[in-house]
Amino acid sequence: MTKNLDLEKLKEIEQFEYKYLGLLNNSLGNSSQLKKELESQNKLLSQFMNPTNRASLKFEKTNYLATGAERVIYNCINKSNNFGTPNSSPIGGDLFFEIKDPDTDQDLLISIDCKTVRAETNIGDIKTLDVGLNQHSYKSLSEYKDGTIRQINPMLQPEYKTENNKKSLLISYLVVILYDIYPSIERPEKSNILMISNYCIPNGLLQPHYLSRPWAGGKSGKILVAGNQVLKKADGSDYVTKEEEAYTDILKKLGGLNKTIVEQEFKSRTGNYLEFTNLKSRADYKEVQKFEIFDETKERLKVIYLSPQIPDKYIEVLQFFKDKYST
């Protein structure tokens, strides 16, 4: 633990995170009913995929559940009345609420992002999940497997000022739904929910304690670079980045330099990390499992449903979640 922290303040933040994680779990209700609602597309899926006398369905065969799952989760939360009223902020998770905590009079903003993962092609994603910059407030470094270090610079702030000049604390959650498709991806007829879990991403003010632990290095193949940053080409001349320029294109223009070399050089010369506009990192459940400041026995991850019939090919990957699940 870093010295000279306002521990009472940090404990209070985690108390709110823990309280509303519990309310999120309760809001989603009976897991069997939730599974049934998420699978309600099965009544019509084959017809949606094979329309007659209608415009052709333009649909990438990657994620059949994303949009529908958001509707179901929002309906559950809205009915519970645990999260106040929706806020129309242009950034934030799929669901974004504002509420005054009834017990403390603390203003809260609650970001909830719904993640759906299709097991057949993306089962590995369930271990460390992509989180966008608009979905959390936790600013820190993230180290990638190749040694590259980047700064995760989120769009959301840990706190906002409300109309009465009080501070409104931001808390962030992920609702993660793992599913697969039957009988095959080529002939989809049914979706099958394998797991549902909720996770609390630490508020950005907790960074002095958790440091870079919440993040594992994310995917970097299609990231875009922020504009007006001066990079050095292989021949030593300058290259000024354009806004939201593809990083792969820039590396070619620099003379094929390795990205680790480019970013280390930029950091040593400017004192700053190279900035990206769409950089994601991956929430590392295993590194930050508990509300360590408030109560080390309290879990940040809650598995609320796990299918009793997990296909053998997924069992090893899901063992961590199986250990967390209690019926």
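In this report, we go over the structure that sits alongside the text. The structure displayed is predicted, hence computed values, not measured ones. (Residues numbered from 1 in each chain as written. Predicted model: local features only at pLDDT ≥ 70, side-chain atom pairs only at ≥ 80, totals over all residues. Heavy atoms only, no water.)

Our next topic: the side chain of glutamine 41. One can find glutamine 41 in the loop between helix H2 (31-38) and helix H3 (45-49). Residue classification places glutamine 41 among the buried residues on the basis of a relative accessible area of 15%. With residues near it in sequence (within four places) discarded, glutamine 41 still touches Tyr64, Leu65 and Ser191. (Helix = DSSP H or I, 4+ residues; strand = E, 2+ residues; numbered from the N terminus. Buried < 20%, exposed > 50% of the residue type's maximum accessible area, 1.4 Å probe, protein only. Contact = heavy atoms within 4.5 Å.)

As paired elements, strand S16 (residues 290-291) and strand S17 (residues 295-299) share two bridges and run antiparallel to each other. Across the sheet, the residue bridging to lysine 290 is glutamate 299, located in S17. Here S16 folds back onto S17 in antiparallel fashion, the turn holding three residues. (Pairing = 2+ DSSP bridges.)

Now for the environment of aspartate 180. Its place among the elements puts aspartate 180 in strand S8 (residues 167-183). Given the relative accessible area of 3%, aspartate 180 is considered buried. Between the C-alpha atom of aspartate 180 and that of isoleucine 110, which follows or precedes it by 70 residues, the distance is 29 Å. In this view, aspartate 180 contacts Ala119, Glu120, Lys190, Ser191, Asn192, Leu194, Pro311 and Tyr314; residues no more than four positions away in its chain are not counted.

Turning next to the sheet that holds strand S4 (residues 128-131). Strand order in the open sheet formed by three strands is S4-S15-S10, and the pairing between neighbours is antiparallel. In this open sheet, the two strands that pair with only one neighbour each are S4 and strand S10 (215-216). Bridging between S4 and strand S15 (residues 281-284) involves four bridges; their strand directions are antiparallel. Across the sheet, residue leucine 129 finds its bridge partner in S15, namely alanine 283.

Looking now at the environment of glycine 256. With respect to the helices and strands, glycine 256 occurs in the loop between helix H7 (247-253) and helix H8 (259-270). According to the relative accessible area criterion, glycine 256 is exposed, its value standing at 59%. Glycine 256 sits 124 residues away from glycine 132 along the chain, and the two C-alpha atoms are 28 Å apart.

If you check H8, its first and last C-alpha atoms are 16 Å apart, about what 12 residues at 1.5 Å a residue would give, namely 16 Å. Every buried residue belonging to H8 is among Thr260, Val262, Glu263 and Phe266, and all of these are buried. For H8, the buried positions fall inside an angular range of 165 degrees around the axis, keeping them on one side. Turned more than 90 degrees off the buried face of H8, the exposed positions are Gln264 and Ser268. Packed against the buried residues of H8 are strand S6 (149-152), strand S12 (230-232) and H7. Where H8 begins, one side-chain oxygen reaches toward the backbone nitrogen of threonine 260, 2.7 Å away; that side chain belongs to asparagine 258. Phi for glycine 271, located one or two positions after H8, is positive at around 85 degrees. (Expected span 1.5 Å × (residues − 1). Arc of directions from axis to C-beta. Polar contact = N/O pair within 3.5 Å; in protein donor to acceptor, adjacent residues only side chain to side chain.)

As a further point, take the nonpolar core. When a protein is soluble and globular, its nonpolar side chains tend to lie buried together. In terms of nonpolar packing, the biggest core is built from 85 residues, with Tyr20, Ile110, Ile112 and Ile177 touching the most fellow members. With 10 residues, the single largest contributor to this core is S8. Beyond its immediate sequence surroundings of up to four residues, isoleucine 112 is in contact with Leu24, Ile77, Phe83, Gly93, Asp94, Leu95, Phe97, Tyr173 and Val175. (Core = buried A, V, L, I, M, F, W, Y, C linked by side-chain atoms within 4.5 Å.)

A few words on H2. Those residues of H2 lying buried are Leu34, Lys35, Glu37 and Leu38. Down the axis of H2, the smallest arc covering the buried residues is 165 degrees, so these residues share one side. Exposed side chains of H2 directed beyond 90 degrees from the buried face belong to Ser32 and Lys36. As for H2, its buried residues are in contact with helix H4 (66-80), S8, strand S9 (188-201) and strand S18 (301-306). Where H2 starts, the residue carrying a side-chain oxygen 2.9 Å from the main-chain nitrogen of serine 32 turns out to be asparagine 30.

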